[in-house]
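# Survey of secondary and tertiary structure
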Amino acid sequence: MSITQSLSTPLSSSSSTFLAPSTFNPSRSQVTLPVKSLGVCKCIAAPQEADTAYKTKVSRNGNIAKLQAGYLFPEIARRRNAHLLKYPDAKVISLGIGDTTEPIPDAITSAMSKRSHALSTVEGYSGYGAEQGEKPLRSAIASTFYRDLGIEDDDIFVSDGAKCDISRLQIVFGSKIKMAVQDPSYPAYVDSSVIMGQTGYYQKDVEKFANIEYMRCNPENGFFPDLSSISRPDIIFFCSPNNPTGAAATREQLTQLVKFAKDNGSIIIFDSAYAMYISGDNPRSIFEIPGAKEVALEVSSFSKYAGFTGVRLGWTVIPKQLLFSDGFPVAKDFNRIVCTCFNGASNISQAGGLACLSPDGLKAMQDVIGFYKENTNIIVETFDSLGFKVYGGKDAPYVWVHFPGRNSWDVFAEILEKTHVVTTPGSGFGPGGEGFVRVSAFGHRENVLEACRRFKELYK
Ligand SMILES: Cc1ncc(COP(=O)(O)O)c(C=O)c1O
């Protein structure tokens, strides 16, 4: 499929419930932009309509059919591509999907390269590895991120990324559970729950799936849900620092969350994919909270620390103390799923992960994170200076900008149309994100500066 073919598919706003009709009024101040050829355009390989009338007799999985939308980020990529078709010379800047942009530090790629070359030798060749990950890496993860927290090497399962483990965990818990999720939140939690059959149908009036507890997190409640209003969930997805709001929960808040889980006999799936971005004293792991090992497991990732979004490496921690109602360890069932549905992370990625956790690697990761945090400050200052209420940014690479009373897809479209900058509409993360736009700090410095210059031009 050529790029032109893939881009020529007309965009239908009905292809996604995330896609509110675009009603923004383009009569706002006109911005003149320098246009420069982008050179490369990423093609998202979305399936095309078939050109044959033949149909198999296999019926479609009804749970997948419940999904109302294309997954949020491919949808944004489609809109970006449509924009490029309209403005082929525009220098489009993407501060949208949250993909990292800076090169992987050399200390880390050299270790991967060494491992890769070793595979060409008899002594260095290795095939299938332990499904749970290589021992030295499991041990390095435990001692780097969970020192003094009572997490042991064999509580760590190395993965090909946090998103993949989120879906594998859904398989572990099955279709009969009820889950709760922060609203707004990273879309993979809800979508994987729908696919597993845990939910009812999408309810258009409230923009929610039935049988999911949406825990509203907004500026009014300090981005921490009112737990007293939540009916008992089996599984609670909780992400801190949060994508998209950038809010990191405090020790007191996480203590409340652990107590809530214990009182209800629930399990917390704590997503700490951005923990290294935390600036102050807020917990970087749920296991910093006393008693959490009996009610929580944690997923995490090298993606946003070391630019491993393409390399693919993450981990999940499941303490031995975490048990099902019949006393069976959750870790044992997860291990069964890992052995059945996965065969372990790439040995080359694992060599990179081990290098990340060496003294040089840790310093290199801190430097890259520091760079993105400088970008975050630039974006925060820009929107601040324009009079917007801005959240996040301090403990996460995301800035959550409030556009009160406005439809977030309209704001997304307005910004794209007038500045050629791709952001993410808040409502794509759940109904609680309506009225907000997420601006990602993952970008080359010159692009972030240029995007901020254009924002100032548009909203001055
Ligand atoms: C909160 C959160 N969890 C998980 C992931 C996915 O991480 P990975 O690249 O390790 O699959 C992301 C990626 O954006 C994320 O924002």
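Everything discussed here concerns the structure shown above.
Now for a description of the structure that goes with this document. Quantities reported herein were computed from a predicted structural model and do not represent experimental measurements. (Residues numbered from 1 in each chain as written. Predicted model: local features only at pLDDT ≥ 70, side-chain atom pairs only at ≥ 80, totals over all residues. Heavy atoms only, no water.)

### Some remarks on the overall build of the protein chain
The condition that has to hold: Only runs of H or I of at least four residues qualify as helices and only runs of E of at least two qualify as strands under DSSP, and these elements are numbered from the N terminus. Relative accessibility thresholds used throughout: buried, under 20% of the residue-type maximum; exposed, over 50%; partly exposed, between the two (1.4 Å probe, protein chains only). All accessibility values rest on the Shrake-Rupley procedure with a 1.4 Å probe; residue burial counts only the protein chains present in the view.
Regarding its fold elements, the protein chain presents 14 helices and 15 strands. The burial tally for the protein chain puts 52% of its 460 residues in the buried class. Approximately 20,300 Å² of the protein chain is accessible, and the part contributed by carbon and sulfur atoms is 54%.

### Some points on the pairing of strand β8 (residues 267-271)
For a regular strand, side-chain orientation follows a simple rule: the groups alternate between the two sheet faces. Note the cut-off: Each pair of strands is called paired provided DSSP finds at least two bridges between the two strands.
Among the five residues in β8, five count as buried, and that is most of the element. Residues of β8 alternate between two faces, with Ile267, Ile269 and Asp271 on one and Ile268 and Phe270 on the opposite face, all of them buried. Across five bridges, strand β7 (residues 235-239) lies against β8 in parallel orientation. Across the sheet, residue phenylalanine 238 finds its bridge partner in β8, namely phenylalanine 270.

### Thoughts on the sheet that holds strand β9 (residues 296-301)
Put simply, the test is: All axes here are fitted lines through C-alpha atoms, helices being fitted over the stretch that makes contact, and every angle between N-to-C directions spans 0 to 180 degrees. By definition in these notes, contact holds between two residues if any of their heavy atoms fall within 4.5 Å.
Strand order in the open sheet formed by seven strands is β2-β10-β9-β8-β7-β3-β6, with mixed pairing between adjacent strands. Lying at the two open borders of the sheet, with one neighbouring strand each, are β2 (156-159) and β6 (212-216). Within this sheet the neighbouring strands show an average axis-to-axis angle of 20 degrees, counted without direction. Strand direction decides the pairing type here: strand β3 (residues 179-183) and β7, joined by three bridges, are parallel. Its bridge partner lying in β7, valine 181 is registered against phenylalanine 237. Contacts between helix α6 (residues 162-173) and the sheet are confined to β2, β3, β7, β8, β9 and β10 (314-317), with β9 contributing the most and set at about 150 degrees to the helix.

### Describing the pairing of β9
Most of β9 sits inside the fold, with six of its six residues counted as buried. Summarising the sheet, β8 and β9 pair through four bridges and their orientation is parallel. Among the inter-strand pairings, phenylalanine 270 is bridged to a residue of β9, identified as glutamate 298. Bridging between β9 and β10 involves four bridges; their strand directions are antiparallel. Of the residues in β10, the one forming a bridge with valine 299 is threonine 316.

### Describing the site of the ligand
The condition is simple: Note on terminology: near, applied to a residue and a molecule or strand, indicates that one of the residue's heavy atoms is within 4 Å of it. Here a polar contact is recorded for every N or O atom pair within 3.5 Å, except that within protein the pair must consist of a potential hydrogen donor and a potential acceptor, and residues adjacent in sequence are included only if both atoms are side-chain atoms. The classification used treats Ala, Val, Leu, Ile, Met, Phe, Trp, Tyr, Cys and Pro as nonpolar, Asp, Glu, Lys and Arg as charged, and all other residues, Gly among them, as polar.
By nearness alone, 14 residues border the ligand, and Asn243, Asp271, Tyr274, Ser301 and Ser303 come closest of all. Between tyrosine 274 and the ligand, the recorded distance is 2.6 Å, taken from a side-chain N or O atom to an oxygen atom. Lysine 304 has a polar side-chain atom sitting 2.7 Å from an oxygen atom of the ligand. Contributions of two or more residues to the shell around the ligand are made by α6 and α9 (303-306). Taken together, the residues that form the shell around the ligand break down as six nonpolar, four polar and four charged.

### With respect to the pattern of salt bridges
Keep this limit in mind: By convention in these notes, a salt bridge is any Lys or Arg side-chain nitrogen within 4 Å of a carboxyl oxygen on Asp or Glu.
Counted according to the given criterion, the structure contains 21 salt bridges. Arginine 78 serves as the salt-bridge partner of glutamate 75, at 2.7 Å between the closest nitrogen and oxygen. Taken together, the residues span about one helical turn, with glutamate 75 and arginine 78 both in helix α3 (residues 72-86) at a distance of three residues. When its relative accessible area of 1% is taken as the criterion, glutamate 75 is described as buried.

### Quick look at unusual backbone geometry
The omega torsion of the bond from aspartate 183 to proline 184 falls at 10 degrees, within 30 degrees of zero and hence cis. Position of proline 184 relative to the elements: it lies in the loop between β3 and α7 (188-196). Going from asparagine 243 to proline 244, the amide bond is cis rather than trans, its omega being 25 degrees. Looking at the secondary structure, you find proline 244 in the loop between β7 and α8 (251-264). Even without being glycine, arginine 312 reaches a positive phi, approximately 75 degrees. Within the secondary structure, arginine 312 is located in the loop between α9 and β10. At histidine 420, a residue that is not glycine, the phi angle is positive and equals roughly 60 degrees.

### Quick look at the nonpolar core
Note the cut-off: Here, the term nonpolar core denotes a set of buried Ala, Val, Leu, Ile, Met, Phe, Trp, Tyr and Cys residues that are joined through side-chain atoms within 4.5 Å. Residue ranges for the domains trace back to a domain assignment, done automatically or taken from a database.
By size, the foremost hydrophobic cluster in this structure holds 102 residues, and its most contacted members are Phe173 and Ile268. For this core, the domains that each give at least three residues are domain 1 (3-102 + 372-459) and domain 2 (106-359). Apart from residues no more than four positions distant in its own chain, isoleucine 268 is found in contact with Ile236, Phe238, Leu257, Val258, Ala261, Val295, Ala296 and Leu297. Counting 22 residues, the second-largest nonpolar core is a separate cluster that includes Phe383, Phe403, Val437 and Ala451.

### Remarks on the side chain of serine 349
Following the sequence through the fold, serine 349 ends up in helix α11 (residues 347-356). Apart from the residues within four sequence positions on either side, serine 349 is in contact with Met112, Phe308, Val311, Arg312 and Leu313.

### Considerations on the state of the cysteines
This is how it is decided: Pairs of cysteine sulfur atoms within 2.5 Å are what we label disulfides.
Inspection of the entire model under this criterion finds zero disulfides. No disulfide involves cysteine 341; its nearest neighbouring cysteine sulfur is the one of cysteine 339, lying 9.7 Å away. Since its relative accessible area comes to 42%, cysteine 341 is described here as partly exposed.

### Describing the packing of aromatic side chains
Each aromatic ring pair is specified by the distance between its two centres and by the angle formed by the two planes. To keep it simple, the criterion reads: Between rings of Phe, Tyr and Trp, where Trp is taken as its six-membered ring, a pair exists when centres lie within 6.5 Å; planes separated by under 30 degrees are stacked, by over 60 edge-to-face, and by other angles tilted. Cation placement over rings: the criterion is NZ of Lys or CZ of Arg within 6 Å of the ring centroid and within 35° of the ring normal.
If you walk through the whole model with that rule in mind, you get 30 aromatic pairs. Aromatic side chains tryptophan 409 and phenylalanine 412 sit 5.1 Å apart centroid to centroid with 75 degrees between the ring planes, which places their arrangement in the edge-to-face category. Residue tryptophan 409 and its partner phenylalanine 412 are located together in helix α13 (residues 408-419), separated by three residues, close to a single helical turn. A relative accessible area of 1% means that phenylalanine 412 is categorised as buried. Taken together through their ring pairs, the aromatic side chains of Phe145, Tyr146, Phe287, Phe302, Tyr305, Phe308 and Trp315 make up a single cluster. The ring of phenylalanine 157 carries arginine 138 above its face, with NZ or CZ at 6.0 Å from the centroid.

### Here's the deal with the environment of proline 136
With respect to the helices, strands and loops of the structure, proline 136 is situated in helix α5 (residues 135-145). For proline 136, a relative accessible area of 49% corresponds to the partly exposed category. The sequence separation of proline 136 and leucine 354 amounts to 218 residues, and the corresponding C-alpha distance is 7.5 Å.

The analysis is restricted to geometry; functional conclusions fall outside its scope.
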